[in-house]
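# Chains, contacts and geometry: an overview
So the chains spell out like this:
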Amino acid sequence: KRLGALAEEYRLLATAIPLTDDPALRAALLERSATATADDSLNPESIELARESAEIWEGLGRPVEAGVSRGREALSLLACGQPEAAIELAEREWQRVVDVPDSQAALLSLSRPLANGYRVLGRHTEANTFLEHRIVLADQHGDYSSLTYAYLSLEARYSFLGAFDTSLAIAEMAHTV
């Protein structure tokens, strides 16, 4: 859940981070701060916050949480106009966590910048592969927000291709999620 407006959430999280000695709590707060910062203004600071969060999780031997933070970092890189760097980071992290048990949350986090990054570069085959992964992962993980977003990305793709009836059907499906 959000802690009010994004700017207020960021301010509260930024206040809390220096007050904790617990590395896991610090990593979680940093990742939430990265999300609030990126969603609010596409601030490049979100890249550094997510990177620090991932490094803490890695140091704690928690690859799934690190993968979630790396997904946020890659999404922030993409939002700041660095699709190649976003893809490189997310692909590398995907390979690290793909065989880790219960890694769906990390893979879901990484699939968004991969699908969007490849689409930005016009590499639609790769983009569609990760969009399909995202749909399956969101469905399996019960993340209906991500599932809706993935359906809407798929809807936009079919609309772009001129398959308007298919596009409309997917948009209606996304609405029912």
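Figured I'd write up the structure that's included with this text. (Residues numbered from 1 in each chain as written. Predicted model: local features only at pLDDT ≥ 70, side-chain atom pairs only at ≥ 80, totals over all residues. Heavy atoms only, no water.)

### Observations concerning the environment of A127
Note that A127 resides in helix α7 (residues 124-141). The spacing of A127 and A115 is twelve residues in sequence and 4.1 Å in space, taken between C-alpha atoms. Residue contacts for A127: discarding those within four places in its chain leaves A115, Y118 and R119. (Helix = DSSP H or I, 4+ residues; strand = E, 2+ residues; numbered from the N terminus. Contact = heavy atoms within 4.5 Å.)

### Considering the nonpolar core
If you look at the biggest cluster of nonpolar residues, it comprises 31 residues, and the most contacted ones within it are W94, L114, Y118, F130, I135 and Y151. Mapped by element, the contributors of at least two residues to this core are α4 (63-79), α5 (83-97), α6 (104-120), α7, α8 (144-161) and α9 (164-176). If one sorts the elements of this core by residue count, α6 sits on top with seven residues. For F130, the residues in contact, after removing those within four places along its chain, are E91, W94, S111, L114, A115 and Y118. Core analysis: the next-biggest nonpolar cluster, separate from the first, contains twelve residues, A24, A27, L29 and L30 among them. (Core = buried A, V, L, I, M, F, W, Y, C linked by side-chain atoms within 4.5 Å. Buried < 20%, exposed > 50% of the residue type's maximum accessible area, 1.4 Å probe, protein only.)

### Some points on α4
If you check α4, its first and last C-alpha atoms are 24 Å apart, about what 17 residues at 1.5 Å a residue would give, namely 24 Å. Of all 17 residues in α4, 13 are buried; the element is thus mostly enclosed. In the stretch just after α4, G81 is the one whose phi turns positive, near 85°. (Expected span 1.5 Å × (residues − 1).)

### Some points on unusual backbone geometry
Most peptide bonds take the trans configuration, and most residues that are not glycine carry a negative phi. Its identity is not glycine, yet D102 carries a phi of approximately 60°, on the positive side. Looking at where D102 falls in the secondary structure, it is placed in the loop between α5 and α6. Overall, the relative accessible area of 65% leaves D102 in the exposed class.

### Remarks on a nonpolar patch on the surface
On the surface, Y158, F160 and L161 cluster together to form a nonpolar patch covering roughly 340 Å² of accessible area. Within the fold, L161 resides in helix α8. (Patch = residues over 30% accessible without salt bridge, like charges linked within 9 Å, V, L, I, M, F, W, Y side chains within 5 Å. Areas by Shrake-Rupley, 256 points an atom, 1.4 Å probe, with all protein chains shown as cover. Salt bridge = Lys/Arg side-chain N within 4 Å of Asp/Glu carboxyl O.)

### With respect to the pattern of salt bridges
This structure, assessed with the given rule, holds ten salt bridges. The salt bridge partner of R51 is E48, with a shortest N-O separation of 2.7 Å. With R51 and E48 both in helix α3 (residues 45-59) and three residues apart, the pair spans about one turn of that helix. Judged by its relative accessible area of 45%, E48 is partly exposed. Here R123 and E126 are joined by a salt bridge, their closest N and O atoms 3.0 Å apart. Overlapping salt bridges, with partners in common, bring together E48, R51, E58, R70, E73, E93 and R96 in one network.

Structural measurements only, silent on function.
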